[in-house]
Amino acid sequence: MTTSHYIAGRWVEGQGSDCISVNDPALGQPFAELMAASAAQVDQAVAAARGALPAWKATSAGERAGYLRGFAEQLGQRREALISVQMRNNGKPRHEAEIDLDDAIATFNYYAELAAQLPSKNREVPLAAPGFTARTRLEPVGVVGLIVPWNFPLVTSAWKLAPALAAGCTVVLKPSEVTPLVEQAYGQIADALGLPAGVLNIVNGKAETGAALSNHTGLDKLSFTGSNSVGSQVMRSASAQCRPVTLELGGKSAIVVFDDCDVDQAVAWIVAGITWNAGQMCSATSRLLVQDGIADALLPRLQAALDNLRVGNPLTEEVDMGPLTSQAQWLKVASYFATAREEGLQCLAGGRALDRDGWFVSPTLYADVPKDSRLWTEEIFGPVLCARRFATEEQAIAEANDSRFGLVATVCSTDLARAERVADALEVGHVWINSVQAVFVETSWGGTKGSGIGRELGPWGLSAYQSVKHVTRCLG
Ligand code: NAD
């Protein structure tokens with residue numbers, strides 16, 4: 001496949017120097033390849049988005065809502081193909097690939113509704129001072145670059161594309177080079193809907209292509225989801241040009257289990273929080289804080305649950321967890337297993353790569369991990385859970401907050417007053433109480449501290465692509 005970039009309403013061949021191999025991680029084998037976009041093609045995509053902006057921002061909110069509903073409908077029509085490609089290229093089990101698709105559909109439908117309500121957000125502002133009238137209106141930020149990672153490609157792109165288009169922005173999307181296929185659907189849908197050329201552009205490529213986009217002087221904003229190391233480079237580019245940036249970065253999130261919990265229920269929440277998407281989630285709850293009174297009952301049950309998970313190829317086996325999505329990620333997780341051995345950590349489950357083709361590791365549990373261990377402090381991005389015990393609520397809050405990240409947390413307790421109190425005290429963007437990883441498009445997504453800047457989803461996701469204009473008129 002060569003026509004992998006969607007620029008100015010046309011599919012074009014990549015003219016960059018990088019050849020991107022698209023892999024099946026369950027086999028560790030490539031099944032497609034494509035040439036990256038060149039810097040000149042990134043220029044063309046930004047120019048196309050700039051050219052399309054005046055007409056797109058002048059469309060009625062109702063018209064834009066119609067296109068967004070079209071995206072949702074067309075995603076649904078491509079259901080089986082989109083599930084298959086995520087299973088093959090990401091290694092997702094079928095039920096996870098289905099949930100991702102449904103999330104993307106819900107996102108487009110939600111922002112269609114918000115787009116339809118936009119005219120009512122432009123309003124007269126009553127003034128205390130006489131002699132003036134004032135009104136505010138919400139305008140699109142302009143041309144935005146969207147750079148996304150590989151772990152939830154369909155979803156992460158939907159969380160950016162849908163609100164950006166709803167606001168009246170035009171966009172250049174750069175998917176991850178690890179999973180460049182599934183987001184092709186957004187270009188195909190734009191074609192099918194007759195979205196005006198240049199409103200949505202897609203360029204594929206590696207770091208070089210991402211940097212060509214994030215350094216581009218023709219953007220009005222950049223929204224980035226990915227690692228902290230690349231996020232800080234993206235922020236430097238934004239600061240050099242004094243332009244806004246949204247950053248959705250990494251996490252090292254806590255799950256706090258109080259001793260009034262049902263053990264089996266707690267085990268189910270803990271396992272889901274670290275093995276969904278093979279633990280390759282910014283929101284993985286990878287630090288388990290378990291209260292003394294339940295720890296001795298819980299840890300053996302957790303160990304058994306992790307040992308019993310069915311790990312395998314989602315395309316050919318009934319599995320609970322697939323492979324890691326890339327060889328680089330597999331090597332990274334394996335390097336943490338080696339560090340754990342060097343640090344002498346107590347391994348209760350897993351701690352090794354599977355002896356088979358493909359990029360598989362076993363779900364892993366380390367107990368009584370010291371607070372200064374790299375496994376306790378660093379984002380691993382795999383199914384690797386580290387546990388520590390605590391005695392009091394205050395201690396649990398202090399340990400959970402003792403992180404440079406602040407994305408999410410889970411609190412498990414039947415004492416709901418306590419659970420709510422702890423949720424309020426946690427320094428994160430999103431807390432789940434007695435539930436795990438449930439994300440609703442109406443709420444917000446994003447973190448505090450090193451987990452990023454800004455919020456996606458909900459009305460905040462739309463505001464991220466809007467600029468407030470204030471018009472004041474003298475009546476004199
Ligand atoms: P990454 O930072 O390596 O890559 C992300 C994207 O940036 C890719 O498209 C990549 O090609 C591009 N890129 C790489 N170098 C670049 C550069 N110099 N300039 C511009 N773009 C560049 O991240 P990844 O490995 O794809 O994803 C994993 C990371 O993403 C984890 O840290 C995870 O926590 C984070 N993440 C965060 C969220 C969130 O919502 N907070 C969601 C998903 C993933």
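Parameters at a glance
Residues numbered from 1 in each chain as written. Predicted model: local features only at pLDDT ≥ 70, side-chain atom pairs only at ≥ 80, totals over all residues. Heavy atoms only, no water. Domains from an automatic or database assignment. Contact = heavy atoms within 4.5 Å. Buried area = accessible area lost by both parts, 1.4 Å probe. Salt bridge = Lys/Arg side-chain N within 4 Å of Asp/Glu carboxyl O. Helix = DSSP H or I, 4+ residues; strand = E, 2+ residues; numbered from the N terminus. Axes fitted to C-alpha atoms, helices over the stretch in contact; angles between N-to-C directions. Parallel < 35°, antiparallel > 145°, perpendicular 65-115°, else oblique. Nonpolar A, V, L, I, M, F, W, Y, C, P; charged D, E, K, R; others polar. Buried < 20%, exposed > 50% of the residue type's maximum accessible area, 1.4 Å probe, protein only. Polar contact = N/O pair within 3.5 Å; in protein donor to acceptor, adjacent residues only side chain to side chain. 1 Å grid on protein atoms, 1.4 Å probe; cavity = no way out; pocket = protein on both sides within 12 Å on 5 of 7 lines; lining within 4 Å. Points joined across faces, edges and corners; volume = space filled by probe spheres on them.

1. Focus: the domain arrangement of the protein
- Segmenting the protein into domains produces domain 1 (5-249 + 451-474) and domain 2 (254-440).
- For domain 1 and domain 2, the distance between their C-alpha centres works out to 31 Å.
- Tallying the contact residues gives 27 residues for domain 1 and 30 residues for domain 2.
- Of the roughly 2,300 Å² buried at the junction of domain 1 and domain 2 (both faces included), carbon and sulfur atoms supply 62%.
- Looking at the side of domain 1 facing domain 2, the largest losses of area belong to A26, W150 and S451, adding up to 24% of the total buried there.
- Applying the counting rule to domain 1 against domain 2 returns 0 salt bridges.
- Of all the secondary-structure elements, those providing two or more residues to the side of domain 1 that touches domain 2 are β3 (19-24), α3 (79-90) and α4 (94-116).

2. So, the packing of α4 against helix α5 (residues 153-167)
- Packing of α4 against α5 brings their axes to within 9 Å, and their N-to-C directions diverge by 10°. Relative to α5, the element α4 is oriented roughly parallel. Contact residues: α4 offers D100, L101, D103, A104, T107, F108, Y111 and A115, while α5 offers L154, V155, A158, W159, L161, A162, P163 and A166.
- Here the residues of the contact of α4 with α5 sort into 13 nonpolar, 1 polar and 2 charged.

3. Let's talk about the pattern of salt bridges
- Per the counting criterion, the structure on display carries 21 salt bridges.
- Taking the shortest distance from any N to any O, the salt bridge between R388 and E399 comes out at 2.8 Å. With R388 in strand β16 (residues 384-390) and E399 in helix α13 (residues 393-401), this residue pair connects regions lying 11 residues apart in the sequence. Residues R388 and E399 agree in their burial class; the two are buried.
- Between E393 and R421 there is a salt bridge whose closest N-O contact spans 2.8 Å.

4. Some remarks on the side chain of N401
- Structurally, the position occupied by N401 is in helix α13.
- Taking relative accessible area as the criterion, N401 reaches 14% and is therefore assigned buried.
- Within polar-contact distance, the side chain of N401 engages the backbone oxygen of A425 at 3.0 Å.
- The contacts of N401, once residues within four sequence positions are left out, are A425, L426, E427 and K449.

5. Comments concerning empty space enclosed by the protein
- Counted under the stated rule, the structure contains 3 cavities of 30 Å³ or more.
- Taken as a whole, the largest cavity encloses approximately 90 Å³ of empty space.
- Those elements that place two or more of their residues in the lining of the largest cavity are α13, β17 (405-406) and β18 (408-412).
- Grouping the constituent residues of the lining of the largest cavity by class yields 8 nonpolar, 4 polar and 4 charged.
- Taken as a whole, the second largest cavity spans an internal volume of roughly 60 Å³.
- Along the walls of the second largest cavity sit G251, K252, G279, M281, A284, S286, E379, I380, F381, G382 and V384, which together make up its complete lining.
- Partitioning the lining of the second largest cavity into residue classes produces 5 nonpolar, 4 polar and 2 charged.

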